[in-house]
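# Tertiary structure, described
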Amino acid sequence: MSGEYTPVITLAELPLGSMRAAILGARELVVCHTRDGVFAVDNICTHAYARLCEGRLRGTRLICPLHGASFDVRDGRVLGPPAAVALTSHAVRITAGMVEVASEPGTPTPPRAPA
Ligand code: FES
């Protein structure tokens, strides 16, 4: 349902600079803790089938382990080839130390409290 959030991981499990795979319904996400906040995007690269959580996170840049495409975790946009299609991004909120992700892609991100 639009506007619903699902807890996926505790903030304590996601130190600054790290990322973790998480399941949201039928989707696999990667949740990333950056200096800009906590963000969630689809975990499967749009170029071919690779799990982005097995790549590297440099600031807000997520780098695919297979061919090196890079994405901005803040909105999923492509930063570097060979991928040409953005990742779906998911609104995130932090509630009582839990990272919660919007169940519906496209849900507006709530005002961001300090993570
Ligand atoms: S599978 Fe990610 S860049 Fe090719």
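Above this note sits the structure.
Residues numbered from 1 in each chain as written. Predicted model: local features only at pLDDT ≥ 70, side-chain atom pairs only at ≥ 80, totals over all residues.

### Things to note about the overall build of the protein chain
Check the secondary structure of the protein chain and you find zero helices and 11 strands. Along the protein chain, helices and strands appear, N-terminal first, in the series β-β-β-β-β-β-β-β-β-β-β. Among the 115 residues that make up the protein chain, the fraction classed as buried is 30%. Here the analysis covers contacts within the protein chain between residues at least 6 apart in sequence; of these, 42% occur between residues at least 24 apart. (Helix = DSSP H or I, 4+ residues; strand = E, 2+ residues; numbered from the N terminus. Buried ≥ 20, exposed ≤ 12 C-beta atoms within 10 Å, placed from the backbone. Contact = placed C-beta atoms within 7 Å.)

### Some words on the sheet that holds strand S1 (residues 5–10)
Spatial ordering of the open sheet is given by S1-S11-S10, a layout of three strands whose pairing is antiparallel. Bordering the open sheet on either side are S1 and strand S10 (92–95), each of which pairs with just one other strand. Going from strand to strand, the sheet's axes swing by 35° on average, the running direction of each strand aside. Inspection of the sheet shows S1 paired to strand S11 (residues 98–102) by five bridges, in the antiparallel sense. The residue of S11 that forms the bridge with Thr6 is Val101. (Pairing = 2+ DSSP bridges. Axes fitted to C-alpha atoms, helices over the stretch in contact; angles between N-to-C directions.)

### Thoughts on the sheet that holds strand S9 (residues 89–90)
Taken in spatial order, the four strands make up an open sheet running S2-S3-S4-S9, and their pairing is antiparallel. Of all the strands in the sheet, just strand S2 (19–24) and S9 have a single pairing partner and so form its edges. Here strand S3 (residues 27–34) runs beside strand S4 (residues 37–42); their pairing, made up of six bridges, is antiparallel. Across the sheet, residue His33 finds its bridge partner in S4, namely Val38.

### What about the pairing of S2?
Pairing of S2 with S3, which is carried by six bridges, proceeds in the antiparallel orientation. When the sheet's bridge partners are listed, Met19 is paired in S3 with Cys32. The antiparallel hairpin formed by S2 and S3 contains two residues in its connecting segment, where Gly25 sits at a positive phi of about 60°.

### Describing unusual backbone geometry
In this structure, Pro82 follows Pro81 across a cis peptide bond, with omega equal to 10°. Residue placement: Pro82 occurs in the loop between strand S8 (78–80) and S9.

### Some thoughts on the nonpolar core
Residues Val31, Cys32, Val41 and Val101 are the most contacted members of the largest nonpolar core, which totals 25 residues. Those elements that provide at least two residues to this core are S1, S2, S3, S4 and S11. Residue contacts for Val41: discarding those within four places in its chain leaves Leu29, Val30, Phe71, Val73, Gly76, Leu87, Thr88, Ser89 and His90. (Core = buried A, V, L, I, M, F, W, Y, C linked by C-beta atoms within 7 Å.)

### Considerations on the environment of Val85
Take Val85: it is sitting in the loop between S8 and S9. Taking the number of C-beta atoms within 10 Å as the measure of exposure, Val85 has 13 and is therefore partly exposed.

From the geometry alone we can't say anything about function, so treat these as descriptive.
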